[in-house]
2 protein chains.
Amino acid sequence: MAEYKYDVVMSCGGCSGAVSRALGKLEGVEKYDVSLETQKVTVESNSLTEDEILDVIRKTGKTASISSA
Amino acid sequence: MAEYKYDVVMSCGGCSGAVSRALGKLEGVEKYDVSLETQKVTVESNSLTEDEILDVIRKTGKTASISSA
């Protein structure tokens, strides 16, 4: 199982809820956490790559990047 | 040119900005308007169907439906 972390710009609960719903619908995601407070998204998957998940997060229209922290 | 209208639940400028960015990146969209105030999204296209555009809006994670008004 791989864990990936992303920085995602989210302004309100509607923003973080939208990212959560997008990840919840994504096949191959085992577990995810979306934090409005820290502006971080953590995703666990054993079938999707880091970039594939980043693409889906960006499809929400949010500014997102792979987190180095 | 066809004009389609959608009801989209958006809570803040981050939400409406995300929907705008998703539509702005979508090939085939000629013009679009995203209103946080009225919770409406209007899209003009001559190549995409009403349902194809709805799918892209829903990929943002927002609750969206075709508007009857």
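One can find the structure itself at the top, above this paragraph.
Along each chain, numbering runs from 1 in the same order as the chain's sequence is written. Following the order in which they are written, the chains are lettered starting with A and the ligands numbered starting with 1. Per-residue local features of the predicted model are confined to residues with pLDDT of at least 70, and side-chain atom pairs are confined, for both listing and counting, to 80 or more; whole-chain, interface and lining totals are unaffected and use all residues. Heavy atoms throughout the structure, all of them, feed into the side-chain values; hydrogens and water do not.

**Notes on the sheet that holds strand E2 (residues 29-35) of chain A**
All names here are of chain A. Pairing is antiparallel across the open sheet formed by 4 strands, whose spatial order is E2-E3-E1-E4. Both edges of this open sheet fall to E2 and strand E4 (64-66), since each of them pairs with a single strand only. Here the strands of the sheet are splayed against their neighbours by 25° on average, with no regard to which way each runs. Sheet topology places strand E1 (residues 2-8) next to E4; 3 bridges connect them, and they run antiparallel. Bridge assignment links Asp7 to a residue of E4, and that residue is Ser65. The contact definition used throughout considers only heavy atoms, calling two residues in contact when any of these lie within 4.5 Å. The convention used is that axes are lines fitted to C-alpha atoms, helices contributing only their stretch in contact, and that angles between N-to-C directions extend from 0 to 180 degrees. Helical segments are the DSSP runs of H or I of at least four residues, strand segments are the runs of E of at least two, and each set is numbered from the N terminus. Along the sheet face, helix H1 (residues 13-24) touches E1, E2 and strand E3 (40-45) and points at about 175° away from the line of E2. Criterion used throughout: strands pair if DSSP finds at least two bridges between them.

**With respect to the interface of chain A and chain B**
Across the boundary between the two partners, chain A contributes 14 residues, which contact 14 residues of chain B. Interface area, chain A with chain B, both sides summed: about 960 Å², of which 49% is carbon and sulfur. By definition, a salt bridge exists where a carboxyl oxygen of Asp or Glu is found within 4 Å of a side-chain nitrogen of Lys or Arg. Where chain A packs against chain B, one counts 0 salt bridges. We call two N or O atoms a polar contact when they sit within 3.5 Å, provided that within protein one can donate a hydrogen and the other can accept it, with sequence-adjacent residues counted only if both atoms are side-chain atoms. Linking chain A to chain B there are 4 residue pairs in polar contact (both at pLDDT 80 or more). Put simply, the parts of the chain that give the side of chain A that touches chain B at least two residues each are H1 and helix H2 (50-59) of chain A. Here the element with the most residues in the side of chain A that touches chain B is H1 of chain A; it accounts for 5 residues. Gly falls in the polar group here, along with every residue not listed as nonpolar (Ala, Val, Leu, Ile, Met, Phe, Trp, Tyr, Cys, Pro) or charged (Asp, Glu, Lys, Arg). Its residues assigned to classes, the side of chain A that touches chain B comprises 4 nonpolar, 5 polar and 5 charged. A simple way to read buried area is as the amount of 1.4 Å-probe accessible surface that goes missing from two parts once joined, with both sides added.

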